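Reading the structure
Spelled out from the first residue to the last, the chains are:
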Amino acid sequence: MADIIDLSLLADARRYFHKLLDARGLSYFLQKEGHRLFHIEPAKVELVVRTAIRTRKGELPDPHPKAVEHCRQEIRRELIRRVASAMLQTGL
């Protein structure tokens, strides 16, 4: 069976993610405490996805759980790409 991907949800989540990234920077999505320097905070990824779901038009049905999970994974992948790029730029 094919995976269900809600492209409008993904586009909304990416749009909100980029707004937060521009406003607060990459460090907003990273944990401030802990032994790992570049650890992504799951609550921030969840914030992006939940905000994208909340801002959908009222006539649209609730997104499928697999579509929501796919959206989370895509936001995490983008964060990982950006963190890896930042690490390379700083020479870590």
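Counting of residues starts from 1 at the beginning of each chain's written sequence and follows it residue by residue. Per-residue local features of the predicted model are confined to residues with pLDDT of at least 70, and side-chain atom pairs are confined, for both listing and counting, to 80 or more; whole-chain, interface and lining totals are unaffected and use all residues. With hydrogens and water stripped out, all remaining heavy atoms of the structure feed into the side-chain values.

What follows is about the pattern of salt bridges. Here a salt bridge means any side-chain nitrogen of Lys or Arg lying within 4 Å of a carboxyl oxygen belonging to Asp or Glu. Taken as a whole and assessed by the stated rule, the structure comprises eight salt bridges. The salt bridge involving Glu78 is made with Arg82; its shortest N-O contact spans 2.8 Å. A residue pair is termed a helical-turn pair when its members lie 3 or 4 positions apart in one helix, as Glu78 and Arg82 do in helix H3 (residues 65–90) at four residues. Beyond isolated ion pairs, a larger network of salt bridges with shared partners links Glu46, Arg50, Glu69 and Arg72. Runs of H or I in DSSP of at least four residues are treated as helices and runs of E of at least two as strands, each being numbered from the N terminus.

Among the buried residues, those of types Ala, Val, Leu, Ile, Met, Phe, Trp, Tyr and Cys that are joined through side-chain atoms within 4.5 Å form a nonpolar core. Relative accessibility under 20% of the residue-type maximum defines a buried residue, over 50% an exposed one, and the middle range a partly exposed one, all with a 1.4 Å probe and only protein chains included. Within the largest apolar cluster, 21 residues are counted, with the highest numbers of intra-cluster contacts made by Phe17, Phe29, Val48, Ile75 and Leu79. Put simply, the parts of the chain that give this core at least two residues each are helix H1 (7–24), helix H2 (42–54) and H3. Looking at this core element by element, the count peaks at six residues for H1. Whether two residues are in contact is decided by their heavy atoms, any of which lying within 4.5 Å being enough. Every residue in contact with Ile75, bar those within four places of it in the chain, is listed here: Ala13, Arg14, Phe17, Val45 and Val48.

Quick reminder: α-helices carry 3.6 residues per turn. Residues three or four places apart thus point the same way. One less than the number of residues in a helix, times 1.5 Å, gives the span that helix is expected to have. Helix length check: H2, at 13 residues, gives a terminal C-alpha distance of 18 Å against a target of 18 Å (1.5 Å per residue), a fit within 8%. Among all positions in H2, only Lys44, Val45, Val48, Val49, Thr51, Ala52 and Ile53 are buried. If you follow the buried residues of H2, they end up packed against H1 and H3.

This brings us to the packing of aromatic side chains. Side-chain rings of Phe, Tyr and Trp (the six-membered ring for Trp) are treated as a pair once their centres are within 6.5 Å; stacked means planes under 30 degrees apart, edge-to-face means over 60, and tilted covers the remaining angles. Taken as a whole, this structure holds two aromatic pairs when the rule is applied. Ring geometry for Phe17 and Phe29: centres 5.2 Å apart, planes at 55 degrees, overall tilted. One end of the pair, Phe17, is in helix H1; the other, Phe29, is in the loop between H1 and H2, with 12 residues separating them in the sequence. Judged by its relative accessible area of 0%, Phe29 falls in the buried class. An angle of 85 degrees between the planes, with centres 5.3 Å apart, marks the rings of Tyr28 and Phe29 as edge-to-face.

Below, the discussion takes up H3. The end-to-end C-alpha distance of H3 is 38 Å, a good match for the 38 Å that 26 residues give at a rise of 1.5 Å each. Residues of H3 that are buried include every one of Ala67, Val68, His70, Cys71, Arg72, Glu74, Ile75, Leu79 and Val83, and no others. Each element contacted by the buried residues of H3 is listed here: H1 and H2. Backbone geometry just downstream of H3 places Gly91 in the positive-phi region, at approximately 85 degrees.

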